[in-house]
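Commentary on secondary and tertiary structure
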Amino acid sequence: MYGSILVLDFGSQYTQLIARRIRELQVYSLIKPYNISISEIKKINPKGIILSGGPASVYEKQAPFCDRKVFQLGIPILGICYGLQTIVHILEGKVKKSVRQEYGRALMYIDDHHDLFFTLPAAINVWMSHADYTVKLPPGFVSMAHTRNAEYAAVASRDKKIWGVQFHPEVIHTEFGTQIISNFLFRICGCFANWELSSFVDEAISKIRKQVRDKKVIGGLSGGVDSSTLALLLQKAIGRRFKGIFVNNGLLRKGEASYVVKVFRRSFKIDLKYIDARREFLRELRDITDPEEKRKIIGHKFIEVFEKEAKKVKGVEFLAQGTLYPDVIESISFSGAPSVRIKSHHNVGGLPLNMKLKLVEPFRELFKDEVRKVAKILGLPDALVYRHPFPGPGLGVRIVGEITPRRLRILREADAIIEKVIKKEGIYRKIWQAFAVLLPLKSVGVMGDRRTYEYVIALRAVESQDGMTADWVKLSPQVLAEISARIINEVEGVNRVVYDISSKPPSTIEWE
Ligand code: XMP
């Protein structure tokens, strides 16, 4: 179908970034574990293979290696960082452990401008992140570039169709990184730029029709971009045989429920069932202050309500889920350490339902930013396409301590003011998330001649690429002043606003 690039994952934090860069160049890419079998690779029949970086050293006992027959397939290969070291090690060159790690920018001098570095300047800044380096090339390899610390910053064996770079072309800190990847795809592998999301949409629609035939599909809608796009795609594929369910859990933002219901019912003619479960959720959350307990209660309750409503719809055989590619990729971990649960996430797109429904998961091969592009193609309004992420447990994890109707009302009003000001200033799309958090503290203030004793609102605004790391936004004093003044003047019950100036890590984006 598409000429694809196969990325073999050796556990680098940048593996997904490699795949995304390739797709941005309109070439389909997929990620598989480093130890995938040769027969599976042949089945995929990629136009090129990229060996990712990874945290290991080739001399470690447990060092991960791909099957050496990968190098005999005649498919062009590019090794990145640990990927390069694997090539050198397996093909009998020599890799050495460095005493000090090279981490950060390095000036690289290009000595060979053929193929991989075609049209690049004589020297570029590249991003290094490694401890080992090549000291002896395998037979048949030549050096293509060097830095002050690395004699072999890039190498190639054109006979064997193997290239390798010590640096990371996929990260933005590497100048001309995209050009290097593009040279690999188009000059070396002979790929065509034909991975387009509009053709993805057409294909996804015909796949859904084939899978579902004349049956009904049910799916949860939250107003988030994934579930909204999913609903639109299903509506396009099977019309009103798609049954959407929107659960109002009482923890939504101001005006959100009515807006979502209006958009999907009126503009998109989706058969949407609106369930008002506000009371049920709030009843179960009464007196609960522990963040994890809150998350669990909200998650379980959601499933319970959803299942109950779903069962009422006759003749449903399928459940639509907004599973994304990062959820599908088998994760590689060599550290051996069990990962610690920081927060239990609840997602409307990912319901662990025990309803014996077959799954429809059209986004299994997409990254989040690609879903946004699909949303645009399907005509989702910008207000929903570019909406800041909102956690499944909603405002429930933005009220520190107990959730009460009054606290919810206060938080909703404060949050709406923040959104309005940020939008008016034209900075909404530059920010990953901006929202209010209600602190269960009261502090003394003065209004007119009166003493007040009211709640504190914390303003949280962060920049981020993917929510994994984040930095607080350096909002201008004027914007901060306007938000603070408006919240204190307009929201009854608040007499103090503070600004959260912590990054993630060590803090998290949400407070609970
Ligand atoms: P944290 O607070 O872990 O949040 O730094 C990272 C990103 O994830 C969002 N978030 C959630 N999203 N269900 C979701 O769908 C959840 O339970 C959930 N908890 C946090 C958060 O808003 C941020 O964008």
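Predicted model, so just to flag it, every value in this text is computed and none were measured.

Right, let's talk about the pairing of strand 12 (residues 271-276) for a bit. Here strand 11 (residues 242-248) pairs with strand 12 via six bridges, running parallel. Residue pairing in the sheet places G244 in a bridge with L272 of strand 12. After leaving strand 11, the chain enters helix 7 (residues 256-267) and then returns to the sheet as strand 12, a path that is right-handed.

A word on the site of the ligand. Lining the immediate environment of the ligand, one finds 16 residues, of which K343, H346, K504, I509 and E510 sit closest. At 3.2 Å from a nitrogen atom of the ligand is found a main-chain nitrogen or oxygen belonging to G392. The protein chains hide 89% of the 490 Å² of surface that the ligand would expose on its own. When grouped by side-chain class, the residues that make up the shell around the ligand number five nonpolar, seven polar and four charged. Domain assignment of the residues forming the shell around the ligand places at least three in each of domain 2 (197-385) and domain 3 (398-499).

On to helix 3 (residues 82-90), then. Taken across its nine residues, helix 3 has eight buried, putting it largely inside the fold. Along helix 3, the positions that sit buried rather than exposed are Y82, G83, L84, Q85, T86, I87, V88 and I90. Summarising the contacts, the buried residues of helix 3 are in contact with strand 3 (48-51), strand 4 (77-80), strand 5 (94-110), strand 6 (123-136), strand 8 (154-157) and strand 9 (162-165). Note on helix 3: the residue one or two positions beyond its end, E92, has a positive phi of about 70°.

On to the domain arrangement of the protein chain. The domains assigned to the protein chain are domain 1 (4-188), domain 2 (197-385) and domain 3 (398-499). Domain 1 and domain 2 are separated by 38 Å when their C-alpha centres are compared. Between domain 1 and domain 2, roughly 1,200 Å² of surface is buried when both sides are summed, and carbon and sulfur atoms account for 60% of that area. With its nearest N and O atoms 3.5 Å apart, the salt bridge here joins R20 to D369. Scanning the region where domain 1 abuts domain 2 turns up four residue pairs in polar contact (both at pLDDT 80 or more). Secondary-structure elements contributing two or more residues to the side of domain 1 that touches domain 2 are helix 1 (15-24) and strand 2 (28-33). Top contributing element to the side of domain 1 that touches domain 2 by residue count: helix 1, with five residues.

With that settled, consider the pattern of salt bridges. What the rule picks out here adds up to 32 salt bridges. Of the charged contacts in the structure, one is a salt bridge between E309 and K273, with a shortest N-O distance of 3.3 Å. One end of the pair, E309, is in helix 9 (residues 291-312); the other, K273, is in strand 12, with 36 residues separating them in the sequence. Classification of K273 as partly exposed rests on a relative accessible area of 28%. In this structure, K424 engages E482 in a salt bridge whose closest nitrogen and oxygen atoms are separated by 3.1 Å. Of the two residues, K424 is situated in helix 13 (residues 405-424) and E482 in helix 14 (residues 477-490); the sequence distance between them amounts to 58 residues. Each of the salt bridges in this network shares a partner with another, and the network as a whole consists of E280, E284, K301 and E304.

Counting 112 residues, the largest nonpolar core has L116, F117 and F264 as the members making the most contacts within it. Among the elements that take part in this core, helix 6 (residues 225-238) stands out by supplying eight residues, more than any other. Counting contributing residues per domain, this core is built from domain 1 (4-188) and domain 2 (197-385), each supplying no fewer than three. Non-local contacts of L116, meaning those with residues more than four positions away in its chain, are made with L78, M144, W163, V165, I180, N183, F184 and I188. Within the second largest apolar cluster, 48 residues are counted, among which are F302, I410, L459 and L475.

Further remarks concern the packing of aromatic side chains. For the coordinates displayed, the defined rule picks out 10 aromatic pairs. Consider the rings of Y28 and W195, whose centres lie 4.8 Å apart with planes at 55°: the pair is tilted. Of this pair, Y28 sits in strand 2 while W195 is found in the loop between helix 4 (177-188) and helix 5 (197-212), placing the two residues 167 residues apart along the sequence. Residue W195 is classed as buried on the basis of its relative accessible area, which comes to 3%.

Cut-off values and rules
- Residues numbered from 1 in each chain as written.
- Predicted model: local features only at pLDDT ≥ 70, side-chain atom pairs only at ≥ 80, totals over all residues.
- Heavy atoms only, no water.
- Pairing = 2+ DSSP bridges.
- Helix = DSSP H or I, 4+ residues; strand = E, 2+ residues; numbered from the N terminus.
- Right-handed = clockwise from strand over helix to strand, strands pointing away.
- Near = heavy atom within 4 Å.
- Polar contact = N/O pair within 3.5 Å; in protein donor to acceptor, adjacent residues only side chain to side chain.
- Areas by Shrake-Rupley, 256 points an atom, 1.4 Å probe, with all protein chains shown as cover.
- Nonpolar A, V, L, I, M, F, W, Y, C, P; charged D, E, K, R; others polar.
- Domains from an automatic or database assignment.
- Buried < 20%, exposed > 50% of the residue type's maximum accessible area, 1.4 Å probe, protein only.
- Contact = heavy atoms within 4.5 Å.
- Buried area = accessible area lost by both parts, 1.4 Å probe.
- Salt bridge = Lys/Arg side-chain N within 4 Å of Asp/Glu carboxyl O.
- Core = buried A, V, L, I, M, F, W, Y, C linked by side-chain atoms within 4.5 Å.
- Phe/Tyr/Trp six-rings, centres within 6.5 Å; stacked < 30°, edge-to-face > 60°.

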